[in-house]
Amino acid sequence: MTSIINDFAFATPRQRAVLDLLANSRTSKEIAHQLGISEAAVNRRIEVLRSRLGGVTRHELARQYREWSALNGDLSADRACEENEMQILPLAATAPPSDVSPRDDMVPAGEAMRDQLAISIEAPWSKPAEPSVVPGVLDGDNALLTRGAAIGIILFAILASLVVGIAAARALADVVS
């Protein structure tokens, strides 16, 4: 398989630092941690390089950079694909125990909580002051029966208008012919 090796002389020193680590199979998170930059900055630099090389994949970018480094005698190419060691990256600092507020079960009986909030259990649409969208006849004790009857009447009216329309079309066809 022939391979076209791109010239990486255009890459900035920051992009090359990212490429060195990418060529050693590091993830964006590991690269960001090692260089002391954000993961978004790492991904941005990789995307710029990928688009500059015609949209190659991340794997292909790393392979081409390794080959280019080896041909140009770059010192970073001598460390070809180091094995990753297990690292625990610090993700977030934990809050000190003194900032923890007491739990509900630790409050003595009879004491009220400081952050009380009145909650209404009644649904907003069940209040009598609200105007109803549905007619009163279709809402109530016999709602299922009245709604079924309304659907039946509407269906019958549609079918009747269809029959009348077909009859009118046939009468017009007889007159025209």
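Residues numbered from 1 in each chain as written. Predicted model: local features only at pLDDT ≥ 70, side-chain atom pairs only at ≥ 80, totals over all residues. Heavy atoms only, no water.

Asks: I tried to follow the nonpolar core on my own but got confused; where do I start?
Replies: Where a protein is soluble and globular, its nonpolar side chains tend to be buried together. Ranked by internal contacts, the top residues of the largest apolar core, which has 18 residues, are F8, L19, L22 and L61. Contributing elements (two or more residues each) for this core: α1 (13–23), α2 (28–35), α3 (39–52) and α4 (58–71). Sort the elements by how many residues they give to this core and α1 lands first, with five residues. For L61, the contacting residues outside a window of four places in its chain are F8, L19, L22, I46, L49, R50, L53 and V56. (Core = buried A, V, L, I, M, F, W, Y, C linked by side-chain atoms within 4.5 Å. Buried < 20%, exposed > 50% of the residue type's maximum accessible area, 1.4 Å probe, protein only. Helix = DSSP H or I, 4+ residues; strand = E, 2+ residues; numbered from the N terminus. Contact = heavy atoms within 4.5 Å.)

Asks: Help me understand α3 in this model?
Replies: It helps to recall that an α-helix has 3.6 residues per turn; residues three or four apart then point in one direction. With 14 residues, α3 ought to run about 20 Å at 1.5 Å a step, and its terminal C-alpha atoms sit 20 Å apart, in line with that. Within α3, the full set of buried residues consists of A41, V42, R45, I46 and L49. The arc enclosing the buried residues of α3, seen along the axis, measures out at 135 degrees, which places them on a common side. Across α3 from its buried face, at more than 90 degrees, point the exposed residues R44 and S51. Phi turns positive one or two residues past the end of α3, at G54, with a value near 85 degrees. (Expected span 1.5 Å × (residues − 1). Arc of directions from axis to C-beta.)

Asks: Hey, could you run me through the pattern of salt bridges in this one?
Replies: Charged atoms that come close allow side chains of opposite charge to pair. Overall, the coordinates contain three salt bridges when judged by the stated rule. Between R63 and E60 there is a salt bridge, with its nearest N and O atoms 2.3 Å apart. One end of the pair, R63, and the other, E60, are both in helix α4, three residues apart, so they sit about a helical turn from each other. Accessibility expressed as a relative area gives 19% for R63, which makes it buried. Between R63 and E67 there is a salt bridge, and its shortest N-O distance comes to 2.3 Å. One end of the pair is R63 and the other is E67, both in helix α4 and four residues apart, which spans about a single turn. Its relative accessible area of 26% is what places E67 among the partly exposed residues. (Salt bridge = Lys/Arg side-chain N within 4 Å of Asp/Glu carboxyl O.)

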